[in-house]
Amino acid sequence: MNRRADGVRVRFHGRKAGRNAECKMQNAKCKKKAARAETLSAFCILHFAFCILVSLTLTTCANAPRDARTTIEFWGLGREGEVVAEMLPEFHKRHPEIRVDIQQIPWTAAHEKLLTAHVGGSFPDLAQMGNTWVPEFETIGALEKLDPWVARSKTVKRDDYFDGIWRTNIVNGTTYGLPWYVDTRVIFYRSDLMAKAGFDHPPRTWSEWTAVMRRMKEVSGRPDFFPILMPTNEWPPPVLLALQAGATLITDDAAAHFSEPKFISAFDYYLSFYRDGLAPVMSNSQIANLYQQFGDGEFAMFITGPWNVGELRRRLPANMQDKWMTMPMPAPDGTAYPGVSLAGGSSLVLSSKSRKKEAAWKFIEFLSEPVQQARFYEKSGDLPARRSAWDMKPLAGDDKIAAFRTQFERTVPTPTIPEWEYIATTIFEHAELAARGQFDARGAASRLDAKVNRILEKRRWILEKQGPKGKDRAIANLSDAGPVPRCHPERSEGSPASGRSASKCGGSFASLRMTEPRQSALDPSHTS
């Protein structure tokens, strides 16, 4: 048996190798523990630092001063929203306790957005609104009554506003909107062509107006010349002529009144423009370029609003600027001059649900100041609703604007009922058919009575249901009235342009706004 050291060595070597392997394993474990310890230590340091940072941030935020200002939301429509934003710094300087957030809404979407906002409980604290919309939004309870606010205001002076414009904001004897800027229709005319026809002053009566146009046609020598452009698909001309004649379009008990002699006479006068070849039988979609054709003398007159003053100044060449002018509307023979025109424009309204009415009213007062209205005109071209602003530059002394100042003293509102825009569309539809010879003035009036009475059937039922007390109200809350007996929803032909249809009597009044806004140089909004 070999007991030499080899075995010992072997056995010794084995024990040493085992111990070395064991130590290596222990060392590896130690290193891993050390690495984990280092990682944990680093994490703890970072976590501690993060906690300190969060603590400092929270402490800083807690100690930071909060914005104590009252924030109000204002919705401005179209270009007007941009202009108001430019005027904000002065308001914020005067009222550092108030912050105004402005949302600009396109005109084409404004009506629906305002209606949806009210239904959804997100109506702004104050808003700009076309004044023909005021009765509709009063009906659904969206608007604050402003008479108490006006009575205590040192800024808003009722007698400084044009009366016809102010009345567009009155529903049932209560004021729901404050006129902001105004427009109306006057006649734009070629003064050089009128002088060539032998007239040194604008016509003041209907008979003079007709005589001027006939003489212009005689001396023109151009087969393509027409004294006046009056698109067949615009409702303001036949409506304002009817109002000039003293016609009552809608009675207090919600009945159509188009078959009365005054309306028929005025409507026949309107149709004579086409019948006698004084106006072309065409819609505004058939007009190639209003400004170029006016400058080229293809027609000598057109009825439109103040927005076209700036357009003609920009679009006509310098040598044409002394060849055009504006004049108030002629009046029916034997009546006061000028003849009445339509009271249009935009109003400022307060939300009935706003919790910040005091702050919102201060902003309305600011925008209503005569100085601010004159400044607003400089920036936007929109005419002031206050007489005192017209005595300030740049309005004072502007001969192209002077006719509007005269006309604003003789303006009247359209019927203050929510259905008016649907009725206005119905009027121009029948006026266009009559202008194209499908029926005469009496036939058009009879058809208007039938259709408008169907539109107003629900309103009459509500007034009848409410009794004598209800008849004192010009506006009834259609949305809460319930179903209407003897009235069945029918499909309506709607607007030829839109192809849309709606119930003639069922549903809420909001469904009656059937047509999309039409863009026209003569009447870009097609609503006011």
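Structure: see above.
Worth saying up front: this structure is predicted, and the values here are computed from it rather than measured. (Residues numbered from 1 in each chain as written. Predicted model: local features only at pLDDT ≥ 70, side-chain atom pairs only at ≥ 80, totals over all residues. Heavy atoms only, no water.)

Asks: Please give an account of the pattern of salt bridges that cites residues and values.
Replies: Two side chains that carry opposite charge are able to pair once their charged atoms sit near each other. Considering all chains together, one arrives at 28 salt bridges under this definition. R167 is the partner of D163 in a salt bridge, and the nearest nitrogen-oxygen pair spans 3.0 Å. One end of the pair, D163, and the other, R167, are both in helix α6 (residues 163-167), four residues apart, so they sit about a helical turn from each other. Looking at R167, the relative accessible area reads 32%, which means it is partly exposed. One salt bridge in this structure joins R405 and E409, with 2.9 Å as the shortest N-O distance. For E409, a relative accessible area of 39% gives the class partly exposed. One salt-bridge network, held together by shared partners, links R79, E82, E86 and K379. (Salt bridge = Lys/Arg side-chain N within 4 Å of Asp/Glu carboxyl O. Helix = DSSP H or I, 4+ residues; strand = E, 2+ residues; numbered from the N terminus. Buried < 20%, exposed > 50% of the residue type's maximum accessible area, 1.4 Å probe, protein only.)

Asks: How would you explain the nonpolar core if you had to name every residue and give the values?
Replies: Ranked by size, the top nonpolar core spans 62 residues in total, and within it W209, F258, M301 and I423 carry the most contacts. If sequence neighbours within four positions are ignored, W209 has contacts with I187, P203, I228, L241, Y269, F273, M301, I303, M329 and P330. (Core = buried A, V, L, I, M, F, W, Y, C linked by side-chain atoms within 4.5 Å. Contact = heavy atoms within 4.5 Å.)

Asks: Account for helix α3 (residues 107-119), with residues named and values stated.
Replies: Between its first and last C-alpha, α3 extends 19 Å over 13 residues, near the 18 Å set by a 1.5 Å rise per residue. All buried positions along α3 are accounted for by A110, H111, L114, L115, A117 and H118. Residues of α3 that are buried make contact with β1 (70-77), β2 (98-105), β3 (126-130) and α4 (134-139). Phi for G121, located one or two positions after α3, is positive at around 75°. (Expected span 1.5 Å × (residues − 1).)

Asks: An account of unusual backbone geometry is requested, with residue identities and associated values reported.
Replies: Residue P338 is bonded to the preceding Y337 through a cis peptide linkage, with omega at -5°. If you trace the backbone, P338 turns up in the loop between β10 (324-327) and β11 (341-342). Between K393 and P394 the backbone carries a cis peptide bond, its omega angle lying at 5°. A positive phi is found at N172, a non-glycine position, where the angle reads about 55°.

Asks: Break down empty space enclosed by the protein for me, with residues and values.
Replies: Summed over the entire model, instances satisfying the criterion amount to six cavities of 30 Å³ or more. Its volume calculated, the second largest cavity comes out at about 80 Å³. Lining the second largest cavity are 11 residues, with E234, P236, P237, I303 and L522 sitting closest to its centre. Contributions of two or more residues to the lining of the second largest cavity are made by α9 (236-244) and β9 (299-304). Tallied by class, residues from the lining of the second largest cavity come to seven nonpolar, one polar and three charged. (1 Å grid on protein atoms, 1.4 Å probe; cavity = no way out; pocket = protein on both sides within 12 Å on 5 of 7 lines; lining within 4 Å. Points joined across faces, edges and corners; volume = space filled by probe spheres on them. Nonpolar A, V, L, I, M, F, W, Y, C, P; charged D, E, K, R; others polar.)

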